[in-house]
Amino acid sequence: MNTNSNVYTVVYTTVIVVIVAAVLAFVSGKLGPAQNANAKAETLRQMMSAAQIRPTDELYATKNAGILQLYADNIQEAYTIGLDGEKNGELSISKDNIELVDRLKPQNKAIKDGGQATLPVYVFKSGVIAIPVYGAGLWGPIWGYIAFQPDCRTIAGAYFDHESETPGLGAKIKDEAWFREKFIGKTVEWGDTPAFRLEKNAEASGAANAVDAITGATMTSKGLNEALNVWFKAYEKHLGIGAFFHALEEHAVGTTPNAEEE
């Protein structure tokens, strides 16, 4: 075959493309399971950090198999809800078949469009309830997990991550433990707009549902504030009603006369 002909060029290019595609498919097939396992373990680390199952450093020092076992040992139930607040699915919590909703971008779009959302709720044996949040930072997506005490209102812990926020500024949402700790003990005011505030000097007002934004990271802070409130609104019909009934139960226990009074 004439190596200078157009036919030779086309055939040669086609063969190279087919070979490269086959190699990439082979590599992807080999690495895919490991990549999926790493992604699942990473999601569980973030969730369990927010839920205060173990200290964050300890979770990241634990291998994937140990993370799966830790989650299986501590989770009570996991399910999904729609924007109407009603359950629309169950998630397996078996160690060998842990199911998560970890693709949050489609759910974020469904929330904003009022579409068919599948929002996960993770309930741990401690009574703590973890939910995800997702939004846009300065340079890319930001996401994380917020965990609530059994009253469905008080924040038990938080964990945040990002794709490409500025090191030393917006990246502090992940890198700085003190930022995550500011959320512990704060409350979400279901029914209010906003339900939570992350802004400059927010804590000066003494509001229980506010924390100060990160100095020098205005856009990341605004993005996280929006993400929190968009997703809290999505969960309001589920967790907000839970908080309401919890308050009623607490009131009933506090006002029930004891045997001596009777």
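Quantities reported herein were computed from a predicted structural model and do not represent experimental measurements.

(A) Seen up close, the overall build of the protein chain. Per the secondary structure count, the protein chain includes 7 helices and 8 strands. Within the protein chain, counting contacts between residues at least 6 apart in sequence, those at least 24 apart form 53% of the total. For the protein chain, the accessible area works out to roughly 14,100 Å², and carbon and sulfur atoms hold 55% of it.

(B) Representation of unusual backbone geometry within the structure. With an omega of 0 degrees, the peptide bond running from T193 to P194 counts as cis. Here P194 is to be found in the loop between α6 (177-181) and β7 (197-199). Positioned with a positive phi, N201 is a non-glycine residue whose angle comes to about 60 degrees. Here N201 shows up in the loop between β7 and β8 (210-212). Relative accessible area serves as the criterion here: at 53%, N201 is assigned to the exposed category.

(C) View of the sheet that holds strand β6 (residues 155-162). Spatially, the 6 strands line up as an open sheet ordered β2-β1-β3-β4-β5-β6, and their pairing is antiparallel. Lying at the two open borders of the sheet, with one neighbouring strand each, are β2 (87-90) and β6. Strand-to-strand, the axes of this sheet are offset by a mean angle of 25 degrees, without reference to chain direction. In the sheet, strand β5 (residues 141-148) pairs with β6 via 7 bridges, with the strands oriented antiparallel. Its bridge partner lying in β6, Y145 is registered against Y159.

(D) How the structure looks around the nonpolar core. In terms of nonpolar packing, the biggest core is built from 40 residues, with I146, F148, F160, F183, L228, W231 and F232 touching the most fellow members. When contributions to this core are tallied by element, the ones reaching two or more residues are β1 (75-81), α4 (104-113), β3 (119-124), β4 (129-136), β5, β6 and α7 (218-255). Leave out the neighbours within four places in its chain, and W231 touches L104, Q107, N108, I111, L119, P132, V133 and Y134. If you look at the next biggest cluster of nonpolar residues, it comprises 25 residues, including M47, I75, L91 and I98.

(E) Structural view of the pattern of salt bridges. On inspection of all chains with the given rule, the structure shows 9 salt bridges. In this structure, R197 engages E199 in a salt bridge whose closest nitrogen and oxygen atoms are separated by 2.7 Å.

(F) Summary view of the pairing of β4. The buried fraction of β4 is high, at 7 of 8 residues. Here β3 folds back onto β4 in antiparallel fashion, the turn holding 4 residues, of which G127 has a positive phi close to 95 degrees. In this antiparallel pair of consecutive strands, β4 and β5, the connection spans 4 residues.

(G) Representation of the packing of aromatic side chains within the structure. Taken as a whole and judged by the stated rule, the model has 12 aromatic pairs. Where F183 meets F196, the ring centres are 5.6 Å apart and the plane angle is 15 degrees; that geometry is what we call stacked. Of this pair, F183 sits in the loop between α6 and β7 while F196 sits in the loop between α6 and β7; the two residues are 13 residues apart in sequence, bridging distant segments of the chain. A residue is classified by how much of its surface remains accessible, and F196, at 1% relative accessible area, is buried. Measuring from ring centre to ring centre gives 6.0 Å for W190 and F232, while their planes differ by 75 degrees; the resulting arrangement is edge-to-face.

(H) Molecular detail of the pairing of β3. Across the 6 residues that make up β3, a large majority, 6, are buried. Neither face of β3 is open: one carries L119, V121 and V123, the other P120, Y122 and F124, and all of them are buried. Where β1 meets β3, 6 bridges bridge the pair, whose relative direction is antiparallel. What sits directly across from I75, in β3, is F124.

(I) Structural context of the side chain of H162. Considering the arrangement of structural elements, one finds H162 in strand β6. When its relative accessible area of 16% is taken as the criterion, H162 is described as buried. Within the local environment of H162, its side chain forms a polar contact with the backbone nitrogen of S164, the two atoms lying 3.4 Å apart. At 3.0 Å, the side chain of H162 forms a polar contact with the backbone nitrogen of E165. Discounting residues that sit within four places of it in the chain, H162 has contacts with P141, I142, W143, A171, I173 and K174.

Conventions used here
Residues numbered from 1 in each chain as written. Predicted model: local features only at pLDDT ≥ 70, side-chain atom pairs only at ≥ 80, totals over all residues. Heavy atoms only, no water. Helix = DSSP H or I, 4+ residues; strand = E, 2+ residues; numbered from the N terminus. Contact = heavy atoms within 4.5 Å. Areas by Shrake-Rupley, 256 points an atom, 1.4 Å probe, with all protein chains shown as cover. Buried < 20%, exposed > 50% of the residue type's maximum accessible area, 1.4 Å probe, protein only. Pairing = 2+ DSSP bridges. Axes fitted to C-alpha atoms, helices over the stretch in contact; angles between N-to-C directions. Core = buried A, V, L, I, M, F, W, Y, C linked by side-chain atoms within 4.5 Å. Salt bridge = Lys/Arg side-chain N within 4 Å of Asp/Glu carboxyl O. Phe/Tyr/Trp six-rings, centres within 6.5 Å; stacked < 30°, edge-to-face > 60°. Polar contact = N/O pair within 3.5 Å; in protein donor to acceptor, adjacent residues only side chain to side chain.

Interpretation in functional terms is not warranted from these geometric data alone.
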